[in-house]
Amino acid sequence: MSACKSSGGSPSEDPFAATNFNFYDQDLGKRIEAYHNVTTPGNEIKRGTPALYIDFSSGINKAFSDPTIKNMMSACFNTILAQQFEVYKLGSNKISLLNVANTTELGQQVSDPKQYADIWAPLQSSVEKIVADNSDALLITDFEEWQKNIEVTNTAFLKIPFSKWLEKGNSIHFFIADYKEGKVNKHLYFTIFSSGNPDAGSMISKLESKLAPSTTRFDLSNTAYQLSTGYPSEKSGGIFYDDTAKSDKAKNVLDLKEGYLNGTKSGHNFEFYPLGLDWKNIDQLHSTYAAQNQFNDFFRKLFIDLSNEDSYTFGNFSVKVSDVTTDFENFAKAEEAKKHQPKLSKGSNGEAKFSDKESDAIALACYNTDGKLKAQWVYKTQPSNPLNEVFTLNQTLFSNTRAANPKHAELGVAFDPKFSAANIRNPDGLIRVDILSNTATPNLQGAKMAKFEWINAKNIPNTALSESIKNTLQELKPVDKVVYSYYIKTKQ
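Residues numbered from 1 in each chain as written. Predicted model: local features only at pLDDT ≥ 70, side-chain atom pairs only at ≥ 80, totals over all residues. Heavy atoms only, no water.

*Asks:* Explain the overall build of the protein to me, using residue names and the numbers behind them.
*Replies:* In terms of helices and strands, the protein carries 15 helices and 27 strands. For the protein, the spread of C-alpha atoms along the principal axes amounts to about 75 × 75 × 35 Å. Sorting the 492 residues of the protein into buried and exposed places 50% on the buried side. The contacts of the protein with a sequence gap of at least 6 include a subset with a gap of at least 24, amounting to 76%. As presented, the protein carries roughly 23,000 Å² of accessible surface, and 49% of it is formed by carbon and sulfur atoms. On the protein, the mean spot of the 54 positive side-chain charges and the mean spot of the 57 negative ones are 2 Å from each other. (Helix = DSSP H or I, 4+ residues; strand = E, 2+ residues; numbered from the N terminus. Buried < 20%, exposed > 50% of the residue type's maximum accessible area, 1.4 Å probe, protein only. Contact = heavy atoms within 4.5 Å. Areas by Shrake-Rupley, 256 points an atom, 1.4 Å probe, with all protein chains shown as cover. Lys, Arg positive; Asp, Glu negative; His and termini not counted. Charge placed at Lys NZ, Arg CZ, Asp CG, Glu CD.)

*Asks:* Give a description of the sheet that holds strand 4 (residues 137–141) that names residues and reports values.
*Replies:* By definition, the strands of a sheet pair up through backbone hydrogen bonds, in either a parallel or an antiparallel sense. Taking strand neighbours across the sheet as the criterion, the seven strands line up as 3-2-1-4-8-7-9 in an open arrangement whose pairing is mixed. For this open sheet the edge positions go to strand 3 (94–97) and strand 9 (216–220), each flanked by a neighbour on one side alone. If you compare each strand with its neighbour and ignore which way they point, the axes differ by 20 degrees on average. Of the strand pairs in this sheet, strand 7 (residues 171–181) and strand 9 are connected by five bridges, and their pairing is antiparallel. Paired with His-173 across the strands is Asp-219, a residue of strand 9. (Pairing = 2+ DSSP bridges. Axes fitted to C-alpha atoms, helices over the stretch in contact; angles between N-to-C directions.)

*Asks:* Hey, could you go over the packing of aromatic side chains for me, with residue numbers and the actual values?
*Replies:* If you walk through the whole model with that rule in mind, you get 44 aromatic pairs. Ring geometry for Phe-16 versus Trp-377: centroids 5.3 Å apart, planes at 40 degrees, classification tilted. Placement of Phe-16 in helix 1 (residues 15–18) and of Trp-377 in the loop between helix 12 (361–366) and strand 19 (385–387) is noted, with a sequence separation of 361 residues between them. Here Phe-16 falls in the buried class, since its relative accessible area comes to 2%. Note on Trp-165 and Phe-193: the rings are 5.7 Å apart at their centroids and 80 degrees apart in plane angle, and the pair reads as edge-to-face. Of the two residues, Trp-165 is situated in helix 7 (residues 159–167) and Phe-193 in strand 8 (residues 184–194); the sequence distance between them amounts to 28 residues. As far as the burial class goes, Trp-165 and Phe-193 line up, both buried. (Phe/Tyr/Trp six-rings, centres within 6.5 Å; stacked < 30°, edge-to-face > 60°.)

*Asks:* Before we move on, could you go through the environment of Ile-431 and cite the residues and values that matter?
*Replies:* Mapped onto the elements of the fold, Ile-431 is located in strand 23 (residues 430–437). What makes Ile-431 buried here is its relative accessible area of 1%. Between the C-alpha atom of Ile-431 and that of Ser-384, which follows or precedes it by 47 residues, the distance is 9.9 Å. Not counting residues up to four positions away in its chain, the partners in contact with Ile-431 are Trp-279, Val-321, Ser-322, Asp-323, Leu-387, Ile-424, Tyr-486, Tyr-487 and Ile-488.

*Asks:* Break down the side chain of Ser-355 for me, citing the residues and quoting the values.
*Replies:* Position of Ser-355 relative to the elements: it lies in the loop between strand 18 (352–354) and helix 12. Within the structure, Ser-355 has its side chain in polar contact with the backbone nitrogen of Lys-357 (distance 3.0 Å). Leave out the neighbours within four places in its chain, and Ser-355 touches Lys-343, Leu-344 and Ser-345. (Polar contact = N/O pair within 3.5 Å; in protein donor to acceptor, adjacent residues only side chain to side chain.)

*Asks:* Give a description of the pattern of salt bridges that names residues and reports values.
*Replies:* Scanning all chains against the criterion turns up 22 salt bridges. Residue Lys-186 is joined to Glu-144 by a salt bridge in which the shortest nitrogen-to-oxygen separation is 2.9 Å. With Lys-186 in strand 8 and Glu-144 in the loop between strand 4 and strand 5 (146–147), this residue pair connects regions lying 42 residues apart in the sequence. The exposure class assigned to Glu-144 is buried, which follows from its relative accessible area of 16%. Close ionic contact of Lys-418 with Glu-389 constitutes a salt bridge, the shortest N to O distance being 3.9 Å. (Salt bridge = Lys/Arg side-chain N within 4 Å of Asp/Glu carboxyl O.)

*Asks:* Any chance you could break down helix 15 (residues 464–475) for me, citing the residues and the numbers?
*Replies:* Taking 1.5 Å of rise per residue, twelve residues should cover 16 Å, and helix 15 covers 16 Å from first to last C-alpha, within 8% of that figure. Along helix 15, the residues that are buried comprise Ala-464, Leu-465, Ser-466, Ser-468, Ile-469, Lys-470, Thr-472 and Leu-473. (Expected span 1.5 Å × (residues − 1).)

*Asks:* Talk me through unusual backbone geometry; I want residue IDs and the actual numbers.
*Replies:* Backbone geometry places Asn-134, a non-glycine residue, at a positive phi of 55 degrees. Turning to its location among the elements, Asn-134 is positioned in the loop between helix 6 (123–133) and strand 4. Using a relative accessible area of 2% as the deciding quantity, one classes Asn-134 as buried. Located in the positive-phi region is Lys-301, a residue other than glycine, with phi close to 65 degrees. Here Lys-301 is to be found in the loop between strand 13 (297–299) and strand 14 (302–305).

Here it is as structure tokens:
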């Protein structure tokens, strides 16, 4: 981001320098959290009202009358309609908003055979609407799609919307119930579109216990792993402490400060470590403790559960270290500029101008006279500067803990064998340490995948849903994707 231009077009002094704006003041943790959320997919804030989509195509009322399915639907309705919600009916090639005041009214509509008049439930457009709305949604359907009066039996008609949803960092959870329609074996899919990183208020958190006992569950996600930490205390983080020291202060050899932040509490996979030492001192400590076979790892006690292999089997992980100082400071300037909206007025000829009372240097330098931010003050991500021979993944630790228990593999960040403080070219900068997933193999076969196919009444295999899922998995392989991030700011 370049310095602001004055109205005459010549470069003027950076207003942030002129006003002594401090990027690294007491608000640094909040700034880093905002920066991480903007630069990491999957941290979108949930928008809009959660929604329920119900397939009212003919034949599906047979599924809805199955006692087990009926109980699950009642449980879903009671849970969902306890909060503000939108309910949509799919039929007659339309997505219609259902005006229901309570679960009783909804249950009456679903139980009424007259509601199921045709086979035209527009599933593709419904999924596209869910993706566009980007909020939690439950879709109850058999996934039989008809287009131009022809049943879609082998086209991956949902691959594009499924891929778009997952690319945002979201996931889709299928709870599959089996039922019979005449002699045809069919499946009803309670499909939860889960927006962002789920928390206690998310639909998946509220409904999984209601649906799981009577269904087969399949998670379509490129982030199906679960992360957890095993830190000694809430404010200690996963850095090295000298447990042989006498006092808490002496144990805290890296001088971790009060501003430590653990984003996992708010569903964001990052931590921020403000340290009172500089990199030279850290280098010396590393050498000193190495003689006692300690402080070989910079971060420990981050665990990953890799047992969910519905979508992918994860292979190797690695560590990438970057200096993100310039990008972070550009972001911080852009965010701060938003808070300095200038006062405007009109000139003698009706032209837009700044008010004569406006004296805010940031407002005057970073805005046009129409009140809009100048283009150079709208944040755009820039590539960070990679740093080599700083940290690496402790591969032995990962391999051993994964072999012992795939639900509790440890991701440790070790010093690179060639580590030196000199490898950190800007020792006062903000360092980002990312753990990346390097390889992931899509799981395209097996008993669960078979649940996305069926033989229709004309004895024709319908593979359209399974092809949609397989194509999505093959396209979105989470290779070189960020799994977890640490930010380090040493003493200035």
